[in-house]
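# Fold and geometry: a report
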Amino acid sequence: MSVDVAIVGLGYVGLPLAQEASHVGLKVLGFDIGQRVVDGLNAGASHVDDLSDADIAKMLEQGFEATTDASRLAEAKTIVICVPTPLSADGGPDLGPVIAAVNTIRDNLKPGMLVILESTTYPGTTDEVVRPILEETGLKAGTDFHLAFSPERIDPGNEHFGAKNTPKVVGGHTPACGDAAAAFYGQFVDTVVRAKGTREAETAKLLENTYRHINIALVNEMARFCHDLGIDLWDVIAAAKTKPFGFQAFYPGPGVGGHCIPIDPNYLSHNVRARLGYPFRFVELAQEINAGMPSYVTSRAQNLLNLDSKPLRGSRVLLLGVTYKPNIADQRESPAVPLAKALADKGAVVQYHDPHVPDWTAANGSASRAEDLETAVSTADLVILVQNHREYDVDALAARAQRFFDTRGVAAPGEKVSRL
Ligand SMILES: NC(=O)c1ccc[n+]([C@@H]2O[C@H](COP(=O)([O-])OP(=O)(O)OC[C@H]3O[C@@H](n4cnc5c(N)ncnc54)[C@H](O)[C@@H]3O)[C@@H](O)[C@H]2O)c1
């Protein structure tokens, strides 16, 4: 086995992992079904925010190579699965990419290998979905090969925490599987945390994401009534977070986005309902509140235009920042999409500006691109700050705007400036 680790799925999660493993001198093979992704990486081009082309060049120097040739997985001592886990059309888990990846691994499984699933998924996936497929080979997990789950915790754009210094939770199918996985990550991750088994490790990840989802929903719901009561919620949160224990600040916004928060809690609630027949009520309520934010922002926009005796229909509304978080290009599940659509459905003429998004295809024609930021800000009837990228001098833009709606709580108060 000439490859130390093969990483299946070279996206936001797989690539940073490949980078850390390459840095410590492991021979890393990246496998992906996307020919363009593989060709780009082998030519030194990064397609994720957290890695630059220079980072890829360094990895290539360190021996990293990408391939679409599945048979090469047979060369690996360890195989880590980092493929997407989206939702199906009915809102349930779509394990299609995981199953496809595991089928590929099965065809190349060798005795002594360590297989680790990192994709976020519902409890039981490693044992009930991954293990039976791999055991079709006649090899047994825990005896002939090692099997573990280790949740990915990557936070795209985070300048302080990356794959190396974020503690890595590991749960093995057997204690020996856990030992093998912990030893593998221990080569390039500062802290490895052992969970009791695969189900505990799978559920730990879902608890983390559900916790964020619910707490964001809490402040989003508060944003509505605080506005009606004339209370500045951002000031409330600034005061509350001075408590040195028992409180963590979460902030309201125009909705939740990204690959994790809007999707992963559904994996848990769907699973609880399917297996046990009762709802995970917190998740369902949080889903309802967070999903309602774009339409709430639209109604606030309507009210703000009303102050200037303008109807939303025919008004020019400029959205600033359409990615799901600041300072990155990732648009997955961004609430800017339903917001643009809701505004356009009510007849607004929607424009967008985003230094990270040259072509906003996700908006599906509901918004056109503003070429010149300053002109667009001053000519719009209403400017909505959706994402606070560091490129924006928010107060200068707010001063130039006819009306400015700040959904991120960062603009200084002003006569024409309103906060969510
Ligand atoms: N992006 C994040 O911030 C983040 C954070 C924590 C956890 N996660 C979880 O990690 C997992 C991966 O997410 P991601 O953001 O890296 O996804 P991604 O879309 O960025 O990348 C996934 C890659 O997998 C490839 N792929 C799909 N099916 C494949 C197959 N059968 N074989 C080989 N390659 C295949 C795709 O071509 C793509 O390049 C998901 O379960 C996600 O929930 C993501």
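As a starting point, this report considers the structure included with it. (Residues numbered from 1 in each chain as written. Predicted model: local features only at pLDDT ≥ 70, side-chain atom pairs only at ≥ 80, totals over all residues. Heavy atoms only, no water.)

### A few points about the pattern of salt bridges
- Inspection of every chain in the model, using the stated rule, returns 28 salt bridges.
- The shortest N-O distance in the salt bridge between Glu 118 and Lys 168 comes to 3.2 Å. Of this pair, Glu 118 sits in the loop between β5 (114-117) and α5 (125-135) while Lys 168 sits in strand β7 (residues 168-172), and the two are 50 residues apart along the sequence.
- Taking the relative accessible area as the measure of exposure, Glu 118 reaches 1% and is therefore buried.
- For Arg 400, the salt bridge goes to Glu 374, with nearest N and O atoms at 3.2 Å. Taken together, the positions of Arg 400 in helix α14 (residues 394-400) and Glu 374 in helix α13 (residues 373-379) put the pair 26 residues apart, joining distant regions of the chain.
- A relative accessible area of 38% places Arg 400 in the partly exposed class.
- Among the ionic contacts, a cluster of salt bridges with common partners joins Asp 127, Glu 128, Arg 131, Glu 135, Lys 140, Arg 199 and Arg 275. (Salt bridge = Lys/Arg side-chain N within 4 Å of Asp/Glu carboxyl O. Helix = DSSP H or I, 4+ residues; strand = E, 2+ residues; numbered from the N terminus. Buried < 20%, exposed > 50% of the residue type's maximum accessible area, 1.4 Å probe, protein only.)

### Considering the site of the ligand
- By nearness alone, 25 residues border the ligand, and Tyr 12, Val 13, Asp 32, Thr 85 and Thr 120 come closest of all.
- Within the backbone of Tyr 12, a nitrogen or oxygen atom sits 3.0 Å from an oxygen atom of the ligand.
- Here Thr 120 contributes a backbone N or O atom positioned 2.9 Å from an oxygen atom of the ligand.
- Out of a free accessible area of 840 Å², the ligand has 90% covered by protein chains. (Near = heavy atom within 4 Å. Polar contact = N/O pair within 3.5 Å; in protein donor to acceptor, adjacent residues only side chain to side chain. Areas by Shrake-Rupley, 256 points an atom, 1.4 Å probe, with all protein chains shown as cover.)

### Details of the packing of α5 against helix α7 (residues 198-229)
- Relative orientation of the contacting elements α5 and α7 amounts to 115 degrees, with a least axis distance of 8 Å. Across the interface between the two elements, Thr 125, Thr 126, Asp 127 and Glu 128 of α5 pack against Thr 198, Arg 199 and Glu 202 of α7.
- Of the residues assigned to the contact of α5 with α7, the class counts are no nonpolar, three polar and four charged. (Axes fitted to C-alpha atoms, helices over the stretch in contact; angles between N-to-C directions. Contact = heavy atoms within 4.5 Å. Nonpolar A, V, L, I, M, F, W, Y, C, P; charged D, E, K, R; others polar.)

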